[in-house]
Amino acid sequence: MWTMFAVLLSAFLIFHSGFADASTRSSASRETFIQHLLERMSPEEKVGQLRMRFVGYERPESEVLQTIGKGQTGAMFGMAPRPVLRMLQEAAVNHSRLGIPLFFGFDVVHGHRTIFPISLALASSWDMEAISRSARIAALEASADGLDLTFAPTVDLSRDPRWGRVAEGLGEDPYLASRIASVMVKAFQGIAPDKPGSIMACAKHFALYGAVEGGRDYNNVDMSLVQMYQYYFAPYRAAIDAGAGAMMVMLGSINNVPASADSWLLRKVLRQQMGFSGLTISDHGAVEQLIEHGVARNGGQAAQLAISAGVDISMSDTFYGSQLPAQIRSGQVSRRLIDEAVYKVLAAKYDMGLFEDPFRRIGKALDDPVDPHSEGRLHRAQARDVARRTFVLLKNRNAVLPLAKKTTIAVVGPLAKSTQDMLGTWSAIGDKAQAVSVYEGLERVVGSAALIYARGANVTEDKDVIAYLGPSEIEIDPRPASVMIEEAVQAVRKAEVIVAVVGEARGMSHEGASRTSLDLPGHQPELIQALKATGKPLVLLLMNGRPLSIGKELELADAVLETWYAGTEGGNAIADVLFGDYNPSAKLVMTFPRTVGQIPSYYNHLNTGRPYRLNEERNYTSQYFDATYGPLFSFGYGLSYTEFSLSQMALSSNVMPRSGGISVSVNLANTGQRDGETVVQLYIRDVVASISRPVKELKNFQKVMLKAGEQKVIQFTLDENDLKFYDAQLHYVAEPGEFKVQVGLDSQNVKEQSFELR
Ligand code: BGC
């Protein structure tokens, strides 16, 4: 059947010169091609295109192969070796009546085979080039494994670190997350999604998933329209503007309406207002879950609601397949509605280049890698370089770091030898056997004779938590906590410095992994106290996927380095930073609260009518009386081994005409002893407006490298667009009046000037 199709296709190829070049293809040829195909499809075949099924790693189930052969499955998700994908694709193109190829989607979130740091860490690098490189490599590796689409980037903003999926996101700030969303989409897709080494990006989860109430996964989102439009929608918009071919719909509900049944969200906001013309894909089983949500009585109603709302593809589908064909025939669901959705699927396949060559990423059997896990397929040097750019130095008393390479180091902690945790959540096809632990990374530099190891504690000993994470996700030493701590204390006595690798097991910062506490779990706090009591300098290496309330540990430690989950080359990258071969340059993209009770805690908050002010009477001000005001660490914070200072901030004018702009300059100096990079951050505050505006909002930044002793004038420009916001009627406006401009190396310690928009 594919042959017939190929004939049709080649007719188009001959007729439309330049067809093979995506950039010169006319949309008319794409439309004619798809329309022609649509006209020939039966209701079952149309609905088939709207169904995505799971691919098992082993040989596919015969039922799956049969439905593909009947043209009743349009796409697969999950990961399987190329021969399995080939078998599935052959079933589609050789056995189904119209030979329409499948596409294969997978969660390639922060690397595919070579695992890069988790997305929250990548964002913390504020390094667009490094982030782009990581996504480009992920696309190359994923396409070489036969994949056509990634369920990434995850662009859900979040202000709630209890939500386990903050690890997958890009932090709390709309501007920074938008910049990164755009960079990642472009890197995944390359020049175009059909080019060699490119895959289509499916940004997710539309929309607002990061704002689930209480940080409890899958919960309702209760949010004002101003919050949505001003903040949370921004990164999805950026992904669309960057050309993302697909968008995943979030599982939960917004203001009581499940997203997969929300035509306001998917038709008005996504299609009309944001101008998205690509493919929408439900999240896993979302159509079925409309029954649990209590908006559908049965499968028929669920399918009808979702397709009407604008969900094109149903992931892990049952109801589209079982219900829609009859509903089309009876007229309950209009053909136009179905055709619109099928059109989007076929257009996406067209854009992926699958009609030209269904095997363009799966390749020929002859070319299948003998060993898919071979070292030669990894990009280790790149992973190491990117990873070290993501570590945030939170404290460095008496310049304990970097360590001298001749030091005897006690390496302690439940995560010190873990390679699995190093890969982090959603680590695609990353192989823990190929990952470098902290211990190994240090050993490669100083040799095993300089290292003394003790586990010291388990990440957790809570039986319910262990059962929840699953036995393969957490390693437990059965010895009593006191014995393990004592062993660590003895080990430490022989060392000059302690490096304690503590944090969360990776499964704790994952989908469905919400926490009520942000403290270090298990006996790790006691371990740290005992280590401190030895009087040896104490370096904490944190491995975690969310902000933690580590106030006590911070006081005890001499140095704290936040390393997140750093990926395949994590241990080597950490060693680079610990020994000073790389000077840390990352900055937090999510506020670290002092206690879980301060959530939501975010830098771009409103002032309120009774703001708390340092050194003033606290009563009747907006704060918690039983905790120190403010977070432990603010957005944008991060130290370096060198010192940077800002001076001579100046504006080109203190009046901005509407059609014009102003420039902001500041002198940045590296006043320390080492070369290093830092992030100069530009914030604004709209002092008086028709609605309350945040105390500050990031509007631009530059990551700058300076040699020791070097200085540089950093320039930014601001124009009217930077001052716009959504007012109470959701008009996007810049209102005249006074604005403050702030520049800083974090969001709190800033230099400030004012100007007026006229
Ligand atoms: C997650 C998505 C993911 C999908 C497919 C779902 O449970 O919410 O983010 O893309 O599974 O793996």
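Quick note: structure is the one above.
Let us look at the structure shown here. Predicted model, so just to flag it, every value in this text is computed and none were measured.

## A short note on the overall build of the protein chain
Step number 1: Each helix and strand in the protein chain was counted, giving 23 helices and 26 strands.
Step number 2: Over its C-alpha atoms the protein chain spans a radius of gyration of 27 Å, differing by no more than 12% from the 27 Å that the globule rule assigns to 758 residues.
Step number 3: In terms of principal-axis extent, the alpha carbons of the protein chain reach across some 75 × 65 × 50 Å.
Step number 4: Considering only contacts within the protein chain whose residues lie at least 6 apart along the sequence, 78% involve residues at least 24 apart.
Step number 5: Per element, the accessible surface of the protein chain, about 27900 Å² overall, is 50% carbon and sulfur.
Step number 6: Positive and negative side-chain charges in the protein chain, numbering 76 and 83 respectively, have mean positions lying 2 Å apart.

## Some thoughts on the pattern of salt bridges
Step number 1: The final tally for this structure, using the stated rule, is 44 salt bridges.
Step number 2: Arg165 is the partner of Glu168 in a salt bridge, and the nearest nitrogen-oxygen pair spans 2.7 Å.
Step number 3: Given a relative accessible area of 2%, Arg165 falls into the buried group.
Step number 4: Linking Arg389 and Glu677 is a salt bridge whose minimum nitrogen-to-oxygen distance equals 3.6 Å. Taken together, the residues span a long stretch of sequence, with Arg389 in the loop between α16 (380-388) and β11 (392-396) and Glu677 in strand β20 (residues 676-686) at a distance of 288 residues.
Step number 5: In this structure Glu677 comes out as buried when scored by relative accessible area, which is 14%.
Step number 6: Residues joined by salt bridges that share partners form a network here, namely Asp127, Glu129, Arg133, Arg384, Asp385, Arg388, Arg389, Asp576 and Glu677.

## Observations regarding the layout of surface pockets
Step number 1: Computed from the structure, the largest pocket encloses a volume of approximately 960 Å³.
Step number 2: Together, 32 residues line the largest pocket, and Tyr602, His605, Tyr629, Gly630 and Pro631 are the ones closest to its centre.
Step number 3: Taken as a whole, the second largest pocket holds about 700 Å³ of empty space.
Step number 4: Where the lining of the second largest pocket is concerned, the elements lending two or more residues are β5 (200-206) and α19 (463-469).
Step number 5: Broken down by class, the residue content of the lining of the second largest pocket amounts to 15 nonpolar, nine polar and seven charged.

## Observations concerning the site of the ligand
Step number 1: Around the ligand, the surrounding shell consists of Asp107, Phe151, Arg165, Lys204, His205, Met248, Asp283, His284, Met315, Trp426 and Glu511.
Step number 2: Interatomic distance of 2.7 Å between a side-chain N/O atom of Arg165 and an oxygen atom of the ligand.
Step number 3: Within the side chain of His205, one N or O atom sits 2.6 Å away from an oxygen atom of the ligand.
Step number 4: When the free accessible area of the ligand is taken as 310 Å², the share hidden by the protein chains comes to 92%.
Step number 5: Split into classes, the residues belonging to the shell around the ligand amount to four nonpolar, two polar and five charged.

## Here's the deal with the sheet that holds strand β19 (residues 661-670)
Step number 1: Judged by pairing direction, the sheet is antiparallel, and its three strands sit side by side in the order β17-β19-β22 without closing on themselves. In the strand order of this sheet, the two ends are held by β17 (644-651) and β22 (711-719), each with one partner. Taken pair by pair, the neighbouring strands of this sheet meet at an average axis angle of 25°, ignoring direction.
Step number 2: Note that β17 and β19 share six bridges and pair antiparallel. Each bridged residue has a counterpart across the sheet, and for Ser647 the counterpart in β19 is Asn667.

## Some details on the packing of aromatic side chains
Step number 1: Across all of its chains, the model carries 21 aromatic pairs by this definition.
Step number 2: Measuring from centroid to centroid gives 6.1 Å for Phe592 and Phe633, while their planes differ by 75°, and the two rings are edge-to-face. With a gap of 41 residues between them, Phe592 in the loop between α23 (570-578) and β17 and Phe633 in the loop between α23 and β17 connect regions that are remote in the sequence. Of the two residues, Phe592 and Phe633, both sit in the buried class.
Step number 3: What links up through ring pairs into an aromatic cluster is the set Trp126, Tyr175, Tyr603, Phe635, Tyr683 and Phe701.
Step number 4: Arg159 extends its terminal NZ or CZ atom over the ring of Tyr231, reaching a point 5.2 Å from the ring centre.
Step number 5: The ring of Tyr439 carries the charged tip of Lys417 above its face, separated from the ring centre by 4.4 Å.

## Remarks on the environment of Pro43
Step number 1: Within the element layout of this structure, Pro43 appears in helix α3 (residues 43-49).
Step number 2: Along the chain, Pro43 and Arg335 lie 292 residues apart, while their C-alpha atoms are 8.5 Å from each other.
Step number 3: With sequence-adjacent residues up to four places away left out, Pro43 is seen in contact with Pro325, Ile328, Arg329 and Arg335.

## Some thoughts on helix α2 (residues 27-39)
Residues lying three or four places apart along an α-helix face the same way, a consequence of the helix completing one turn every 3.6 residues.
Step number 1: Here α2 is 13 residues long and its end C-alpha atoms lie 18 Å apart, about the 18 Å a rise of 1.5 Å per residue gives.
Step number 2: Turning to α2, its buried residues are Ser29, Phe33, Ile34, Leu37 and Leu38. Looking straight down α2, one finds that the buried residues subtend no more than 165° of arc, so they occupy a single side.

## Digging into the environment of Tyr629
Step number 1: Turning to its location among the elements, Tyr629 is positioned in the loop between α23 and β17.
Step number 2: Residue class for Tyr629 comes out partly exposed when judged on its relative accessible area of 35%.
Step number 3: Here Tyr629 is in contact with Arg594, His605, Tyr612, Ser622 and Gln623, once residues within four sequence places are set aside.

## Quick look at the side chain of Asn583
Step number 1: Along the chain, Asn583 turns up in the loop between α23 and β17.
Step number 2: A distance of 3.2 Å separates a polar atom in the side chain of Asn583 from a polar atom in the side chain of Ser640.
Step number 3: There is a polar contact of 2.8 Å between the side chain of Asn583 and the backbone nitrogen of Tyr641.
Step number 4: When neighbours within four sequence positions are excluded, Asn583 is seen to be in contact with Ser640, Tyr641, Thr642, Arg674, Asp675 and Gly676.

## Considering the pairing of β20
Looking along a regular strand, one sees the side chains alternate between the two faces of the sheet.
Step number 1: Counting buried positions over the 11 residues of β20 gives 10, a clear majority of the element.
Step number 2: As judged from the nine bridges shared by β20 and strand β21 (residues 697-706), these two strands associate in the antiparallel manner. Note that in β21 the partner of Gln681 across the bridge is Phe701.
Step number 3: The pairing of β20 with strand β25 (residues 737-744) spans six bridges and is classified as antiparallel. Paired with Leu682 across the two strands is Val743, which belongs to β25.

About the thresholds
- All residue numbers here refer to positions counted from 1 along the written sequence of the relevant chain.
- Residues qualify for local features only when their pLDDT is at least 70, as the model is predicted, and side-chain atom pairs are given and counted only at 80 or more; totals for whole chains, interfaces and linings, by contrast, use all residues.
- The side-chain values count all of the structure's non-hydrogen atoms but skip hydrogen atoms and water molecules.
- Segments assigned H or I by DSSP are reported as helices when at least four residues long, segments assigned E as strands when at least two residues long, and all are numbered from the N terminus.
- As a reference, a globule follows 2.2 Å times the number of residues to the power 0.38, and the radius of gyration itself is taken over C-alpha atoms.
- The contact criterion used throughout is that any non-hydrogen atoms of two residues lie within 4.5 Å.
- For the accessible areas, the method is Shrake-Rupley and the probe is 1.4 Å, while residue cover comes only from the protein chains on display.
- Counted charges follow a simple rule, with Lys and Arg positive, Asp and Glu negative, and His plus the chain ends left uncounted.
- Charge placement uses NZ in Lys and CZ in Arg. For Asp and Glu, CG and CD serve respectively.
- Here, a salt bridge means any Lys or Arg side-chain nitrogen found within 4 Å of an Asp or Glu carboxyl oxygen.
- Working definition: with a 1.4 Å probe on protein chains only, accessible area under 20% of the residue-type maximum means buried, over 50% means exposed, and in between means partly exposed.
- The definitions used throughout rest on a 1 Å grid laid over the protein atoms alone, on which a cavity is an enclosed set of points accommodating a 1.4 Å probe that cannot get out and a pocket is an open set flanked by protein within 12 Å on both sides along at least five of seven lines; lining residues are those having an atom within 4 Å of a point.
- Grid points are joined across faces, edges and corners, and a volume is the space filled by probe spheres set on the points.
- When residue character is reported, Ala, Val, Leu, Ile, Met, Phe, Trp, Tyr, Cys and Pro are called nonpolar, Asp, Glu, Lys and Arg charged, and the others, Gly included, polar.
- Whether a residue is near a molecule or strand is decided by its heavy atoms; if any one of them lies within 4 Å of it, the residue is near.
- In the analysis that follows, any N or O atom pair within 3.5 Å is treated as a polar contact, provided that within protein one partner can donate a hydrogen and the other can accept it, and provided that, for residues neighboring in sequence, both atoms belong to side chains.
- DSSP-based pairing: two strands are paired if at least 2 bridges between them are found.
- Simply put, an axis is a line fit to the C-alpha atoms, just over the touching stretch for a helix, and the angle between two N-to-C directions goes from 0 to 180 degrees.
- Here a pair means two rings of Phe, Tyr or Trp (six-membered ring of Trp) with centres within 6.5 Å. Their orientation is stacked below 30 degrees between planes, edge-to-face above 60, and tilted elsewhere.
- For a Lys NZ or an Arg CZ to count as sitting over a ring, it must be within 6 Å of the ring centre and within 35 degrees of the ring normal.
- In a helix, the anticipated span is given by 1.5 Å times the number of residues less one.
- In this description, the arc belongs to the directions extending from the helix axis to the C-beta atoms.

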